[in-house]
Amino acid sequence: MLDELKEANEYVVSKIEEKDPLILEMEAFAIENNVPIVTKEVAKYLDFLTSSHNFKNILEIGTAIGYSGTIMGRVAKKNGGKLTTIEIDEIRYNQALENFKKGELLDSVNLILGDGVEEVKKLNEKFDFIFIDASKGHYMEFFTDSFERLTDDGMIFIDNIMFRGYLYKEYPKRFKTIVRRLDEFITYLSKNHNFVLLPFGDGIGLVRKKITK
């Protein structure tokens, strides 16, 4: 089902002509250099979702070259806020820095070089939208630490939560630990949070934090 929906979404997205020069440049770079970025359908949904809300303070765990960060950074800037984004790889950190510069977003982006597992713990501010797209084996840690920094009624967007569909079909043995952890993570979210799983892209998990009274 996930593969069929992915094909359907890719078909729909293929009908949309992308005109943004920076987005097109990053997509081409990612393909040429085998850099993992969000799929086009996830990018469109991320843009739609963040643009439909008054998200100001946004956190991203896993910057890569700044593709998804550019989408969210533009929303944060428009709303008078800031994107904080964390990248562990120095080469990609520098590539993202250059792309944020090209997008005229440096004044509204706080780009951090470091391990998300450690860097999230150091953050003192609150965020109303959090995007997680980093090491799949650490998703539980990323979520737990970032959820503490999520505002009431805030949202967490978790990409690649179905990990190539390996959670429901045969997978290479080398991915056994990641698959187990993601399966446990989804079970945890389902039992303990306001959670929904959307079966497109590589699986999207959305969590909305309930308003405390």
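Preceding this section is the structure that the text describes.
Residues numbered from 1 in each chain as written. Predicted model: local features only at pLDDT ≥ 70, side-chain atom pairs only at ≥ 80, totals over all residues. Heavy atoms only, no water.

J.: Is there a simple way to explain unusual backbone geometry in this structure?
T.: Working note: non-glycine residues mostly have negative phi, and peptide bonds are mostly trans. The phi angle at asparagine 34 is positive, at roughly 55°, despite the residue not being glycine. Structurally, the position occupied by asparagine 34 is in the loop between α2 (21-33) and α3 (40-51). Under the relative-accessibility criterion, asparagine 34 is labelled exposed at 65%. We note that aspartate 153 has phi near 70°; this positive angle belongs to a residue other than glycine. Position of aspartate 153 among the secondary structure elements: in strand β5 (residues 150-158). (Helix = DSSP H or I, 4+ residues; strand = E, 2+ residues; numbered from the N terminus. Buried < 20%, exposed > 50% of the residue type's maximum accessible area, 1.4 Å probe, protein only.)

J.: It is not clear to me how the environment of phenylalanine 195 should be interpreted in this structure. Could you clarify?
T.: Mapping phenylalanine 195 onto the fold places it in strand β6 (residues 195-198). Classification of phenylalanine 195 as buried rests on a relative accessible area of 17%. When near neighbours in sequence (up to four residues on either side) are disregarded, phenylalanine 195 contacts Ile161, Ile186, Leu189, Ser190, Gly205, Leu206 and Val207. (Contact = heavy atoms within 4.5 Å.)

J.: Hey, could you run me through the pattern of salt bridges in this one?
T.: Oppositely charged side chains can form a pair if their charged atoms are brought close together. This structure, assessed with the given rule, holds nine salt bridges. A salt bridge links aspartate 107 to lysine 77, with the shortest nitrogen-to-oxygen separation between them at 3.5 Å. Here aspartate 107 is found in the loop between α5 (90-102) and β3 (109-113), whereas its partner lysine 77 is found in helix α4 (residues 67-78), with 30 residues between them in sequence. Exposure remark for aspartate 107: the relative accessible area of 63% places this residue in the exposed category. Residue lysine 77 is classed as partly exposed on the basis of its relative accessible area, which comes to 35%. The salt bridge involving glutamate 125 is made with lysine 82; its shortest N-O contact spans 3.6 Å. Of the two residues, glutamate 125 is situated in the loop between α6 (116-122) and β4 (127-132) and lysine 82 in strand β2 (residues 82-87); the sequence distance between them amounts to 43 residues. Classification of lysine 82 as partly exposed rests on a relative accessible area of 31%. (Salt bridge = Lys/Arg side-chain N within 4 Å of Asp/Glu carboxyl O.)

J.: Please clarify how the sheet that holds strand β1 (residues 57-61) should be interpreted in this entry.
T.: The strands making up a sheet are joined through hydrogen bonds of the backbone, oriented either antiparallel or parallel. The seven strands lie next to each other as β3-β2-β1-β4-β5-β7-β6, forming an open sheet whose pairing is mixed. Strands at the two margins of the open sheet, each flanked by one partner only, are β3 and β6. Across this sheet, the average inter-strand angle for adjacent strands is 15°, counted without regard to direction. Two strands pair when backbone bridges link them, and β1 and β4 are joined in this way by four bridges, in the parallel orientation. What sits directly across from isoleucine 61, in β4, is isoleucine 132. Relative to β3, α5 is tilted by about 165°, and along the sheet it contacts β2 and β3. (Pairing = 2+ DSSP bridges. Axes fitted to C-alpha atoms, helices over the stretch in contact; angles between N-to-C directions.)

J.: Help me understand the nonpolar core, please; the structure alone is not making it clear to me.
T.: Side chains of a nonpolar character, in soluble globular proteins, are inclined to be buried together. Ranked by internal contacts, the top residues of the largest apolar core, which has 34 residues, are Tyr45, Phe129, Phe157, Ile204 and Leu206. Where this core is concerned, the elements lending two or more residues are α2, α3, α4, α5, β3, β4, β5 and β7 (204-208). Sort the elements by how many residues they give to this core and α3 lands first, with five residues. Once you skip the residues sitting within four places of it in the chain, phenylalanine 157 turns out to touch Val42, Tyr45, Leu46, Leu49, Phe129, Ile130, Phe131, Ile132, Ile204, Gly205 and Leu206. With 25 residues, the next largest nonpolar core counts Val117, Ile186, Leu189 and Phe195 among its residues. (Core = buried A, V, L, I, M, F, W, Y, C linked by side-chain atoms within 4.5 Å.)

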